[in-house]
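An overview of the molecular structure
Below, each chain spelled out in residue letters.
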Amino acid sequence: MVQLSYQSNAPTMLVTSGGVSESEFAMANHTTKQCLVCGKEFVVKSRSPRQRMCSHSCGRRFNIKIPSPLHQPETDTYLIPLTKGYNAIVDACDIDLAAFKWTASVSRTGPVYAMRQFIRDGKQENDSIHRAVLSRVIGRLLLRNEYVDHINGDGLLNTRANLRLATKAQNAANQKVRSDNASGYKGVSWSKVSQKWRARIKVGGREFGLGLFATAELAHAAYVVAAIKYQGEYASDGRRELKP
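First things first, this report covers the structure right here in the doc. (Residues numbered from 1 in each chain as written. Predicted model: local features only at pLDDT ≥ 70, side-chain atom pairs only at ≥ 80, totals over all residues. Heavy atoms only, no water.)

**Describing the side chain of serine 183**
Put simply, the rule is: Strands here are runs of E lasting at least two residues and helices are runs of H or I lasting at least four, both read from the DSSP assignment and numbered beginning at the N terminus. Residues adjacent in sequence count toward polar contacts only when both atoms are side-chain atoms; beyond that, a polar contact is any pair of N or O atoms within 3.5 Å, and within protein one must be able to donate a hydrogen and the other to accept it.
Along the chain, serine 183 falls in the loop between helix H4 (168-173) and strand S13 (188-191). Within the structure, the side chain of serine 183 is placed 2.9 Å from the backbone oxygen of valine 188, a separation counted as a polar contact.

**Overview of the nonpolar core**
Applied cut-off: Buried residues of nine kinds, namely Ala, Val, Leu, Ile, Met, Phe, Trp, Tyr and Cys, make up a nonpolar core once their side-chain atoms join them within 4.5 Å. A 1.4 Å probe rolled over the protein chains alone gives each residue an accessible area, and that area as a share of the maximum for its type sets the label: buried under 20%, exposed over 50%, partly exposed in between. We call two residues in contact whenever any of their non-hydrogen atoms come within 4.5 Å of each other.
In terms of nonpolar packing, the biggest core is built from 18 residues, with Ile80, Leu82, Leu97, Trp102 and Ile129 touching the most fellow members. Put simply, the parts of the chain that give this core at least two residues each are strand S7 (87-91), strand S9 (112-120) and helix H3 (129-138). Among the elements that take part in this core, H3 stands out by supplying four residues, more than any other. Those residues in contact with isoleucine 129 that sit more than four places away from it in its chain are Ile80, Ala88, Val90, Leu97, Trp102, Ala114 and Asn158.

**Digging into unusual backbone geometry**
Across the chain, the bulk of peptide bonds are trans and the bulk of non-glycine residues have phi less than zero. For aspartate 76, which is not glycine, the phi torsion reads 55° and is therefore positive. Structurally, aspartate 76 is set in the loop between strand S5 (70-72) and strand S6 (77-81). A positive phi angle is found at lysine 84, which is not glycine, with a value near 60°. With respect to the helices and strands, lysine 84 occurs in the loop between S6 and S7. Of the residues examined, lysine 84 reaches a relative accessible area of 63% and is grouped as exposed.

**Here's the deal with the environment of lysine 186**
Position of lysine 186 relative to the elements: it lies in the loop between H4 and S13. The spatial distance from the C-alpha of lysine 186 to the C-alpha of tyrosine 223 is 7.9 Å, given a sequence separation of 37 residues. Not counting the four nearest positions on each side in its chain, lysine 186 is found in contact with Ala172, Ala173, Asn174, Gln175, Val177, Asn181, His220, Tyr223, Ser236, Asp237 and Gly238. Polar contacts involving the side chain of lysine 186 include one to the main-chain carbonyl oxygen of glutamine 175, which spans 2.8 Å.

**Looking at the side chain of histidine 150**
Following the sequence through the fold, histidine 150 ends up in strand S11 (residues 147-150). Under the relative-accessibility criterion, histidine 150 is labelled buried at 5%. In this structure histidine 150 touches Tyr113, His130, Gly155, Leu157, Asn158, Asn162, Leu163 and Asn174, once residues within four positions along its chain are discounted.

**Here's the deal with helix H5 (residues 216-231)**
Threshold: Take the residue count of a helix, subtract one, and multiply by 1.5 Å to get its expected span.
For H5, with 16 residues, the first-to-last C-alpha span of 21 Å sits near the 22 Å given by 1.5 Å per residue. Turning to H5, its buried residues number three or more, namely Ala216, Ala219, His220, Tyr223, Val224, Ala226, Ala227 and Gln231. Of the residues trailing H5, glycine 232 is marked for its positive phi of about 55°.

**Regarding a nonpolar patch on the surface**
Stated formally: Each patch is built from residues that are more than 30% exposed by relative accessible area and take part in no salt bridge. Like charges join if they lie within 9 Å; nonpolar side chains (Val, Leu, Ile, Met, Phe, Trp, Tyr) join within 5 Å. All accessibility values rest on the Shrake-Rupley procedure with a 1.4 Å probe; residue burial counts only the protein chains present in the view. Here a salt bridge means any side-chain nitrogen of Lys or Arg lying within 4 Å of a carboxyl oxygen belonging to Asp or Glu.
On the surface, Val137, Ile138 and Leu165 cluster together to form a nonpolar patch covering roughly 210 Å² of accessible area. Given the relative accessible area of 32%, leucine 165 is considered partly exposed.

**Some thoughts on the environment of asparagine 181**
Along the chain, asparagine 181 falls in the loop between H4 and S13. We classify asparagine 181 as partly exposed; its relative accessible area is 23%. If sequence neighbours within four positions are ignored, asparagine 181 has contacts with Lys186 and Val188. Separated by 2.7 Å, the side chains of asparagine 181 and serine 183 make a polar contact. From its side chain, asparagine 181 meets the backbone oxygen of tyrosine 185 in a polar contact 2.8 Å long.

**What to know about the sheet that holds strand S14 (residues 196-203)**
Which entries qualify depends on this criterion: Here, strands pair whenever DSSP counts at least two bridges between them. Note on method: axes are straight lines fitted to C-alpha atoms, helices fitted across the in-contact stretch only, with angles between N-to-C directions ranging 0 to 180 degrees.
In space, the three strands of this open sheet follow the order S13-S14-S15, with antiparallel pairing throughout. Because the sheet does not close on itself, it has two edges, and the strands there are S13 and strand S15 (206-213). Across this sheet, the average inter-strand angle for adjacent strands is 35°, counted without regard to direction. Against the sheet, H5 engages S13, S14 and S15, with an angle of about 15° to S14.

**Let's talk about the pairing of S14**
With four bridges connecting them, S13 and S14 associate as antiparallel partners. Of the residues in S14, the one forming a bridge with serine 191 is lysine 196. Following S13, the chain reverses through four residues before pairing antiparallel with S14; glutamine 195 in that reversal takes a positive phi of roughly 60°. Bridge analysis of S14 against S15 gives seven bridges, and the strand direction is antiparallel. Each residue of the ladder has a partner; that of lysine 202, found in S15, is glutamate 207. Taking the residues between adjacent antiparallel strands as the criterion, S14 and S15 are bridged by two residues, where glycine 204 takes a positive phi near 60°.

Encoded structure:
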């Protein structure tokens, strides 16, 4: 039974016969759930116990049709369809990531990555398949200053064997040659002043010159030697990983 209780010079308060306030009475008839889309906790009213999303926006995102992954039995991996005709590859143990809607993040000069956006604590955040997988491997979330390095340089091959933890400098060392590199070789550019090919390498955030050469091939050979010496296991000639 619910009755009204009045106090002089005080606002009206709805109380139950047991002395429970209006807000306490309401919460007793509600439950808390976690949104299937953004992960935010929300209160489910007693009249809609089957509610699974916190808002209409998350409901629309949840109803987006997600393509089914394709199993590759020869490697026991799965292709997760992305936008723009791309596919991300994951191990069978990470196939649950296919439940999310992933998009292809394509840059003009760099690799392609599988990304998605979600809401956390009311803020929009980005996530990637490679960071999600490596977080599972090391058993914790990655810090903002921690990077995921794709060993073979392919941003879509997200098998556990192809991912490793790296610093920003180490990740940059293992990048493929940029598509806008006129020489076609990593670490090599044309010097208009000397009319020769120049070799350069970045170590610890600083750039060092390796000399001027008559051909781009000779300049690149100098870069490869320096990369193995200073970048170790993360060294790359721009096409493949180099072994120290």
